[in-house]
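Observations on the model geometry
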Amino acid sequence: PVFHSRDLVNWEQIGHALDRESQLPLHGCRPSGGIYAPTIRYHEGIFYMITTNVTGGGNLIVTASDPAGPWSEPVYIDHQGIDPSLLFDEGGKVYYTGTGRIDGKKGIVMFEVNPATGCILSEKKIIWQGTGGRHPEGPHQYKIGGWYYLMISEGGTEFGHMVTMARSKSPWGPYEPCPHNPILTHRDQENSPIAATGHADLVEAADGSWWMVFLAYRESEKHFHHLGRETFLCPVAWEAGWLRVNGGKVITLEMDC
């Protein structure tokens, strides 16, 4: 589903990016199968949605000139892994980031891709393996102020979930980690109603403010939750070249901005 908002608080569903079997084959779909981690990007009048169908087809891109649709037939990318994202850089270059393995090493894999055809245009390279947390995943790459920033999730999707960040002058690295990693986690917040914060993305609003959307869940009883992972929103700011989430404070159900 695709939602629209003008204030980041009130949201209206306007359509679906995947609405037919030719885009979304789900025959034999098991629990925890199907679509994983969609990312939406906008570039030169076109909306791009990239995701992974772990049940069949793998990583794919669909496009639309109107986010309400119609959306195109999928273009597939020949890469194993999940959580894909796109960065549209200068000179017409488009970079893919996602999870993967190269020579037995697991980490965040990057390569240049043609988003119109899915063709891979460069070597594949592990550009970062995170800060040591398990399952480095959910990467997003941004170019801001002359730096390439890489934001990922680590620690699994349970109580140890966290968001970490690194930066480089080149999209290929080497990446230096943020000195106050993790930039977001509730792994030590036993009394917070919000747990397992992670898998984040960024958006700059029309007024120049920056916001983070991320996944988390609300505990109903100790270590239990029944609503599943929800989408949360919090304010962020750039300080000394790094991202500060909610002023360095924990996430709450209501935050000043």
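Structure: above.
Conventions and cut-offs
- Residues numbered from 1 in each chain as written.
- Predicted model: local features only at pLDDT ≥ 70, side-chain atom pairs only at ≥ 80, totals over all residues.
- Heavy atoms only, no water.
- Helix = DSSP H or I, 4+ residues; strand = E, 2+ residues; numbered from the N terminus.
- Rg over C-alpha atoms; globule rule 2.2 N^0.38 Å.
- Buried < 20%, exposed > 50% of the residue type's maximum accessible area, 1.4 Å probe, protein only.
- Contact = heavy atoms within 4.5 Å.
- Lys, Arg positive; Asp, Glu negative; His and termini not counted.
- Charge placed at Lys NZ, Arg CZ, Asp CG, Glu CD.
- Pairing = 2+ DSSP bridges.
- Axes fitted to C-alpha atoms, helices over the stretch in contact; angles between N-to-C directions.
- Phe/Tyr/Trp six-rings, centres within 6.5 Å; stacked < 30°, edge-to-face > 60°.
- Lys NZ or Arg CZ within 6 Å of the ring centre and 35° of its normal.
- Core = buried A, V, L, I, M, F, W, Y, C linked by side-chain atoms within 4.5 Å.

**Some thoughts on the overall build of the chain**
- A tally of regular secondary structure across the chain gives zero helices and 19 strands.
- The C-alpha atoms of the chain give 18 Å as radius of gyration, which agrees with the globular expectation for 257 residues (18 Å, within 12%).
- The dimensions of the chain, computed from C-alpha atoms along their principal axes, are 45 × 40 × 40 Å.
- Counting over 257 residues, the chain shows a buried share of 44%.
- Within the chain, contacts between residues at least 6 apart in sequence are counted, and of these 41% link residues at least 24 apart.
- Treating the 20 positive side-chain charges of the chain as one cloud and the 29 negative ones as another, the clouds have centres 7 Å apart.

**Brief notes about the sheet that holds strand β17 (residues 210-218)**
- Spatial strand order, β16-β17-β18-β19: four strands in an open sheet with antiparallel pairing. Only two strands of the sheet have a single partner each, and these edge strands are β16 (194-204) and β19 (242-245). Each strand of the sheet is rotated relative to its neighbour by a mean of 35 degrees, with strand direction disregarded.
- Strand direction decides the pairing type here: β16 and β17, joined by seven bridges, are antiparallel. What sits directly across from Asp 201, in β17, is Val 213.

**Quick word on unusual backbone geometry**
- The linkage connecting Gly 69 with the following residue, Pro 70, adopts the cis geometry, with an omega of 5 degrees.
- Within the secondary structure, Pro 70 sits in the loop between β5 (58-64) and β6 (75-77).
- Residue Asn 181 is joined to Pro 182 through a cis peptide bond whose omega torsion reads -10 degrees.
- You can see Pro 182 is positioned in the loop between β14 (176-177) and β15 (184-185).

**Some details on the pairing of β5**
- Summarising burial for β5: five of the seven residues are buried, a large majority.
- Where strand β4 (residues 46-53) and β5 come together, seven bridges link them in antiparallel fashion. Residue Asn 53 lies in a different strand from β5, and its bridge partner there is Gly 58.
- What sits between the antiparallel neighbours β4 and β5 is a turn of four residues, in which Gly 57 has the positive phi angle 105 degrees.
- Sheet analysis places β5 next to β6, joined by three bridges and oriented antiparallel. When the bridges of β6 are listed, Leu 60 appears paired with Tyr 76.

**Considerations on the environment of Gly 145**
- Within the element layout of this structure, Gly 145 appears in the loop between β11 (137-144) and β12 (147-154).
- The class of Gly 145 is exposed, set by a relative accessible area of 72%.
- C-alpha separation for the pair Gly 145 and Arg 244, spaced 99 residues apart in sequence, amounts to 16 Å.

**Looking at the packing of aromatic side chains**
- A full pass over the atoms with the stated rule returns nine aromatic pairs.
- Chaining the aromatic ring pairs together yields one cluster made of Tyr 149, Trp 210, Trp 238 and Trp 242.
- Here Arg 167 stacks its cationic end above the ring of Trp 147, 3.9 Å away from the centre of that ring.
- The ring of Trp 147 has Lys 169 lying over it, and the distance from NZ or CZ to the ring centre is 4.3 Å.

**Thoughts on the sheet that holds strand β9 (residues 105-112)**
- The sheet built from four strands is open, its strands ordered β7-β8-β9-β10 with antiparallel pairing. Two strands in the sheet have a free side with no partner beyond their single neighbour: β7 (85-88) and β10 (125-128). Each neighbouring strand pair of the sheet contributes to a mean axis angle of 45 degrees, computed without reference to strand direction.
- Pairing of strand β8 (residues 94-102) with β9, which is carried by eight bridges, proceeds in the antiparallel orientation. Opposite Arg 101, over in β9, you have Lys 106 as the bridge partner.

**Notes on the nonpolar core**
- In terms of nonpolar packing, the biggest core is built from 23 residues, with Met 151, Ile 183, Met 212 and Phe 214 touching the most fellow members.
- Within the residue set of this core, elements represented by two or more residues are β11, β12, β13 (162-168), β16, β17, β18 (230-239) and β19.
- Among the elements that take part in this core, β17 stands out by supplying four residues, more than any other.
- With near-sequence residues (within four places) excluded, Met 212 lies in contact with Met 151, Ile 183, Leu 184, Ala 200, Asp 201, Leu 202, Phe 232, Leu 233, Cys 234, Val 236, Leu 243 and Val 245.

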